[in-house]
Amino acid sequence: MTEPRLVHNPLLAWRAIEGEVVIISPEDSVVHELNATASFVWMQANGERTPEEIAVLLAAEYEVAPEEALADTRELVAHLEAKRLLLSSPAAEGSRHG
Amino acid sequence: GKRKYIKPAC
């Protein structure tokens, strides 16, 4: 079982302004603003990292225990996936053919 | 070298 990688919904437009990400979702005309740590998580979601890997990076960058970083990352990812801002993609190795 | 942590949120 391969872990899903997190990737931004390609239909969105987003920009980091002074370290905080603003996401525009044209489909439902909503602008989402993320705080600094959520922005960090968002910017690590490049299609190559799992929530667990992102939580490790979060704990390395911020004053937080790895367990708390993992729980908070999972909670945020669930929220962003529910809003269709983040998508889970299969691991790159698992999706290759040929 | 570590930044102050706040819970990630929208």
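Residues numbered from 1 in each chain as written. Chains lettered and ligands numbered in written order. Predicted model: local features only at pLDDT ≥ 70, side-chain atom pairs only at ≥ 80, totals over all residues. Heavy atoms only, no water.

**Quick word on the packing of helix α1 (residues 36–44) of chain A against helix α2 (residues 51–61) of chain A**
Residue and element names in this part refer to chain A.
- In contact at an axis separation of 10 Å, α1 and α2 are set at 135° when each is read in the N-to-C sense. Compared by their axis directions, α1 and α2 come out oblique. In this structure, the crossing between α1 and α2 has a hand that is right-handed. Contacts from T37, F40, V41 and Q44 in α1 reach I54, L57, L58 and E61 in α2. (Axes fitted to C-alpha atoms, helices over the stretch in contact; angles between N-to-C directions. Helix = DSSP H or I, 4+ residues; strand = E, 2+ residues; numbered from the N terminus. Parallel < 35°, antiparallel > 145°, perpendicular 65-115°, else oblique. Left-handed = near helix turned anticlockwise from the far one by under 90°. Contact = heavy atoms within 4.5 Å.)

**Overview of the packing of aromatic side chains**
- Tallying each qualifying case throughout the model produces three aromatic pairs over all chains.
- Ring geometry for W14 of chain A and W42 of chain A: centres 6.0 Å apart, planes at 85°, overall edge-to-face. Taken together, the residues span a long stretch of sequence, with W14 of chain A in strand β2 (residues 13–17) and W42 of chain A in helix α1 at a distance of 28 residues.
- Residue classification places W14 of chain A among the partly exposed residues on the basis of a relative accessible area of 36%.
- Judged by relative accessible area, which is 0%, W42 of chain A ranks as buried.
- Pairwise contacts between aromatic rings join F40 and Y62 of chain A together with Y5 of chain B into one cluster. (Phe/Tyr/Trp six-rings, centres within 6.5 Å; stacked < 30°, edge-to-face > 60°. Buried < 20%, exposed > 50% of the residue type's maximum accessible area, 1.4 Å probe, protein only.)

Take it as geometry only, folks, not as evidence of what the structure does.
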